[in-house]
Each structure stands twice: as structure tokens, then as C-alpha cells.
Amino acid sequence: MVLDFGGQYNQLIARRVRDNRVYAEILPYTTDLDTIRKNKYKGIIFTGGPNSVFDMSSPHYSREILDLGIPVLGICYGCQLIAWMENGVVSTAPVSEYGKIELTVGKSALFDNIPEKSIVWMSHTDYISSAPEGYEVIATTPDCPCAAMQNTKKNIYAVQFHPEVTHSQYGEQILYNFLYNICGCKGEWVMDSFIDSTVEKLRNQIGDKNVILGLSGGVDSSVAAALLSKAVGKQLTCVFVDQGLMRKNEGDFVEKTFTSLFDMNFVRVNCGDIFLEKLKGVTDPEQKRKIIGTEFFNVFWNEIRKQNDKGYFAQGTIYPDCIESGKGDADVIKTHHNRVKTPEDVEFLGIIEPLADLFKDEVRKVGEKLGIPRELVWRQPFPGPGLGVRIIGEITKEKIELLQNADFVLRDEMARNGYERNMSQFFCVLPDVKTVGVMGDHRTYDNLIIIRAVTTDDFMTADWARIPYDILAKVSNRITNEVKGINRVVYDITSKPPATVEYE
């Protein structure tokens, strides 16, 4: 169990555990002790958090959790919390540590196969100035006298740094040591067993009833559709709403994939003209988003009303959606589109979410094993409003076509150069800007295209991608030559923050 105290890396911790073939789930710090006892966890990890443990308004937990006989690993705030619960002293640090810091470790099962000195990622303003009685300091930094501690009799370990982030050189080994050396985990969490057990579970749950799934063509809904198809075949109906704001040929690709590779009923609703009419004359970004979201909702549920025979409704919900949409007393970060309530006049036997226990990278692994084409499984994040938030100003049919063609060239050239996997996301943006140019012997006054490309581990922060100049030159040359109406290409070199990945 990963016990969440509000840390920004809580999902990353669980993912790193699962990378070691050990199943992990995240629960809020408000989870009661009886639930923890009942679930019989092999180990517990306390996450970091932005608070100070000596502030009584901060998240705390009952000290009894340390006496359950379950191995515990505290990380950052979780480390300080253990010290506080065990009557150690936590103080404001004379020198705060942020970023890469050199760590010196002593002998410990937690640091097995780790050199005496290495680099770790620190992010704290408080520190443990005096370790609790019964605890041994097992690591230090120049400014942190207790960078890690242990109580081997109680199997409790704590680190002030973040082993879950890639900046910590041996962080993966530290987590491995905790899982296997200390918790005694077996490493049986694999995708093959997930697929087999999920298909069997779906068959038992659905029986001879039908299922309706909203298929966006994104990774999550596509993998959910493939799993359900494997489980119940023609009992599944997938409704695909093409609002005319997808990338070039994307709607046709989605339809061909699911009608040729999988056993299901596929319903495509082409409604681009309806969306264009609703968006006519609208330039405000938030208003555009609301119109697109509302109209999509209306079109989708009107089609569902035609198809529904009071069977089940399936969604491509994944684990981060469940966490961020709020559980129990946990704060709601954002309500996800695939977790909204169904209209009151539409009745189902129940909601099916076959991917609700998986992170995105795990969903992709399942998709590959189910035979979904690589282009779809590794599809980059695509905003719900589609190209509507990559066209600045009013959205018109001509602008959509212009952006689709430019974006197609960018993707094609990246694929040809084998550079697409070097970036987390890349795309074209059509601003409401025209510039002067010269083509042949004629003056032009045509559209400007912006290329946006970023690298990131988590999308909370992102750096602009250093695409080689010769590739950028080829892309620019092809766009201005192949896409009529564009005479200038620029490259966005702004990181997040201060910018965001998208434009609107």
C-alpha cells in the first residue's frame, strides 16, 4: 500500500513498485487502521507531502500503524512523520535541500548493492535533527544529518530523499531492496495474468447481457474495447463520435482498426458540421471548450439512447482517473471526462471499468499484448476538444484542414527520421496570425504555423525538445511546400512552466 500524504509523486511511487512486478495501490491518509489490517499488505510506503509534521493541521496518522508488524518505508514527509510518531525531533532545516544532492550510505538491507556515495533527489525544508530512540541513522548528506534511518527490529525504514524519481541514481534499486529484501514480495504482477483474469471476470459479470462503450480512439478506451471484445465479442457495441476535430485520417484509422481486428459492433457518428455550426464566430478559448464538451455529450448520449437495451456501460477509466477524481475524503484534483455521471434518463445494469487498476504505461502493455496497432497504443496525449484548442481564434473548416495537413507532415517526418520516440508530445498549432512571405516571384500573405514539442516524465513539468536543426529544416520546407496557405513555420522553445503543453 502507498499511503498518500499529499505528495506530488504518489502515483510515481506506485508505478515504480509495479515496475518491479509487485502490485501497489494508493490510499489516502484518511484510510482507517482496520482497513489496512484487513487487506494484509506485504508492505506500506508513506509518501512525501508539502506540509510540516509539527504543524497539527498537517496530515498525520495513528502511531499504531508502526506496530502492525508490516514493513514500512517513509519517503520525505513520510520519513519525517515516522520520526515524529516515534518521538524523534523534526525541525526547520538550517539549509534547505532541493535538487541533486550527494548521499553517503552505511550498511543496511535497504542499500544493498548501492555504492557508498551516489546522487539522490532532495526536496525539503524540514529535516530530522534527532532520530528516535531505537532508530539508526544509515545515510547522510553534507546538510542533512539523517538522510535515512532504520529500525530493523520493527522493519521500519525511512529516507529523506525521493528514490522514486529518475534523478536518484540508485532509487530503483532501493525500492527493489525494500520490496524483495525487506517485504519478501514475489513479483507476480504481470500483464498476461491481468488479461486472463480480467477477461474471465468480465465474462462472469456480463453474462449474456450487452455492453456499450464510448470509444474515443485514445489509448484507454481502445484497450478497454479490445479487452471487452475478447471477453464478450458481439455483445459489445462501441460508439465513436467523430466531431471533425481529429487529426488527419484519424477517424478512418480508428474505424478500420476496430472493424477489422476485433469482434464487436462499431457505430461511427460523423457530426463535424454540427460542431462547426455551434462554434461559428466563437473565439474565446474557454467558451470553445464548453461548446465542444457540451455538444459531444449531447451527440454521444443521443446515440447511446438509440443503442441502449439496459445492459452495461463501459468506460476507459484508468487508475490515475480514480485517484484524481477523488476517493472518500481525498481532495478532488479534477473530475475526469470518463468519470462523469450518466444522464438520469439513461439506465444501465452497472458501470464496467476494466482498466481502473492500471496506470497508463500498464495500459499500453496490455494494448500491445491484445494486438492493437502500435500507432494507437503509443498514441500521444490528445486533448478532449481535439484540434479545437490548437486553432487560436475562430474555428473554421478551412483552418481545420490547414492544421491537419501541417500536423500530418510533422508526424510523417518525425516517423521517417525515427525521432518520434524521443519526445513525449509534439504537434502543430495554427495561431490567428498571417505573415508576409515570398514564393517564386510573388508576395504572399499567408498563415503561420507553430511547432510545439516537449519531453517530460510526468507532464507536471516539461522541457522543450531539442529537435536537430536538420530535421526542423526538413519539416519547415515540407510544410511550406506541401500545405497551401502556409508561408512561415516557427518553433516554440518555452518550457512548462511558465507555459503549458497546449496553447488554449
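A brief report on the enclosed structure follows. (Residues numbered from 1 in each chain as written. Predicted model: local features only at pLDDT ≥ 70, side-chain atom pairs only at ≥ 80, totals over all residues. Heavy atoms only, no water.)

For the rest of this paragraph, the subject is the overall build of the protein chain. If you tally the helices and strands in the protein chain, you get 14 helices and 19 strands. For the protein chain, whose C-alpha radius of gyration is 26 Å, the value lies close to the compact-globule estimate of 23 Å for 504 residues. Projected onto the principal axes, the alpha-carbon positions of the protein chain cover approximately 80 × 65 × 40 Å. The contacts in the protein chain between residues at least 6 apart in sequence include a share of 73% that link residues at least 24 apart. In the structure as shown, the protein chain presents an accessible area of about 23,400 Å², 47% of it carried by carbon and sulfur atoms. For the protein chain, the centre of its 57 positive side-chain charges and the centre of its 68 negative side-chain charges are spaced 4 Å apart. (Helix = DSSP H or I, 4+ residues; strand = E, 2+ residues; numbered from the N terminus. Rg over C-alpha atoms; globule rule 2.2 N^0.38 Å. Contact = heavy atoms within 4.5 Å. Areas by Shrake-Rupley, 256 points an atom, 1.4 Å probe, with all protein chains shown as cover. Lys, Arg positive; Asp, Glu negative; His and termini not counted. Charge placed at Lys NZ, Arg CZ, Asp CG, Glu CD.)

Attention now goes to the sheet that holds strand β11 (residues 236-242). Within the open sheet, the five strands sit side by side as β12-β11-β10-β13-β14. Their pairing is parallel. Two strands lie at the open edges of the sheet, namely β12 (265-270) and β14 (350-352), each paired on one side alone. In this sheet, neighbouring strand axes are inclined to one another by 25° on average, regardless of whether the strands run parallel or antiparallel. Across three bridges, the pairing between strand β10 (residues 211-214) and strand β13 (residues 312-314) is parallel. Counted as the bridge partner of L213 is A314 from β13. Relative to the sheet, helix α5 (residues 191-206) contacts β10, β13 and β14, its axis offset from that of β14 by approximately 165°. (Pairing = 2+ DSSP bridges. Axes fitted to C-alpha atoms, helices over the stretch in contact; angles between N-to-C directions.)

A few words now on the environment of G6. Looking at the secondary structure, you find G6 in the loop between β1 (2-4) and α1 (10-19). Considered as a pair, G6 and P50 are 44 residues apart in the sequence and their alpha carbons are 7.0 Å apart.

All chains considered together, the criterion is met by 14 aromatic pairs. Seen in terms of ring centroids, F296 and F300 are 6.3 Å apart; in terms of plane orientation they differ by 10°. Their pairing is stacked. With F296 and F300 both in helix α9 (residues 285-307), this residue pair falls four residues apart, about one helical turn. The exposure class of F296 is partly exposed, given its relative accessible area of 31%. Classification of F300 by relative accessible area gives buried; the value is 8%. Here W464 and Y491 contribute two aromatic rings whose centre-to-centre distance is 6.2 Å and whose plane-to-plane angle is 75°, an arrangement assigned as edge-to-face. Here Y491 lies in strand β19 (residues 486-491) and W464 lies in strand β18 (residues 463-464), a separation of 27 residues in the sequence. A connected cluster of aromatic rings, assembled from ring pairs, spans F296, F297, F300, W301, F313 and F348. Against the face of F408 rests K248, its NZ or CZ located 5.0 Å from the ring centre. (Phe/Tyr/Trp six-rings, centres within 6.5 Å; stacked < 30°, edge-to-face > 60°. Buried < 20%, exposed > 50% of the residue type's maximum accessible area, 1.4 Å probe, protein only. Lys NZ or Arg CZ within 6 Å of the ring centre and 35° of its normal.)

Backbone torsion omega between K496 and P497 reads -15°, so that peptide bond is classified as cis. Examined against the element boundaries, P497 turns out to sit in the segment after β19. Despite not being glycine, K40 shows a phi value in the positive range, around 50°. Mapped onto the fold, K40 is located in the loop between α2 (33-39) and β3 (44-46). Unlike most non-glycine residues, N249 shows phi in positive territory, near 65°. On the secondary structure map, N249 appears in the loop between β11 and α7 (250-260). Here N249 falls in the partly exposed class, since its relative accessible area comes to 47%.

With that settled, consider the packing of α5 against helix α11 (residues 360-369). Relative orientation of the contacting elements α5 and α11 amounts to 75°, with a least axis distance of 10 Å. If you check the angle between α5 and α11, you find them roughly perpendicular. Residues M191, D192, F194 and I195 of α5 form the contact with α11, whose own contacting residues are E362, K365, V366 and K369. The residue inventory of the contact of α5 with α11, partitioned by class, reads four nonpolar, no polar and four charged. (Parallel < 35°, antiparallel > 145°, perpendicular 65-115°, else oblique. Nonpolar A, V, L, I, M, F, W, Y, C, P; charged D, E, K, R; others polar.)

The next subject is the state of the cysteines. Formally, a disulfide is one covalent bond, and it connects the sulfur atom of one cysteine to the sulfur atom of another. In the structure shown here, the tally under the stated rule is zero disulfides. C144 takes part in no disulfide bond, and the closest cysteine sulfur to it belongs to C146, at a distance of 6.5 Å. Relative accessible area serves as the criterion here: at 1%, C144 is assigned to the buried category. Looking at the unpaired C271, the closest cysteine sulfur is the one in C238, lying at 17 Å. (Disulfide = S-S within 2.5 Å.)

Once that is clear, we can look at the nonpolar core. Counting residues in each nonpolar core, the largest one holds 47 residues, and the members touching the most others are I304, M414, M423, C428, I467 and I479. Counting residues per element, this core draws most heavily on helix α13 (residues 397-417), which supplies seven residues. With 40 residues, the next largest nonpolar core counts L202, A224, I318 and V363 among its residues. (Core = buried A, V, L, I, M, F, W, Y, C linked by side-chain atoms within 4.5 Å.)

Put simply, α5 and helix α6 (residues 219-232) touch, their axes get as near as 9 Å, and they point 60° apart. For the pair α5 and α6, the sense of crossing is right-handed. Along the contact surface, α5 presents F194, I195, T198, V199, L202, R203 and I206, while α6 presents L227, L228, K230, A231 and V232. For the contact of α5 with α6, the per-class residue count stands at nine nonpolar, one polar and two charged. (Left-handed = near helix turned anticlockwise from the far one by under 90°.)

On to the sheet that holds β1, then. Taken together, nine strands build an open sheet; the order of strands is β2-β1-β3-β4-β9-β8-β7-β5-β6 and the sheet is mixed. For this open sheet the edge positions go to β2 (26-28) and β6 (117-130), each flanked by a neighbour on one side alone. Across the sheet, the axes of successive neighbouring strands diverge by a mean angle of 25°, strand direction being ignored. The pairing of β3 with strand β4 (residues 72-75) spans three bridges and is classified as parallel. Counterpart to I45 in the pairing with β4 is L73. Each of β1, β2, β3 and β4 is contacted by α1, which is oriented at about 180° to β1, the strand it contacts most.

Okay, α9 next. With 23 residues, α9 extends 33 Å from end C-alpha to end C-alpha; this agrees with the ideal 33 Å at 1.5 Å per step. Burial in α9 covers these residues: K288, I291, I292, E295, V299, F300, W301, E303 and I304. Structurally, α9 contributes buried residues whose contacts are with β10, β11, β12, α8 (272-279) and β13. (Expected span 1.5 Å × (residues − 1).)

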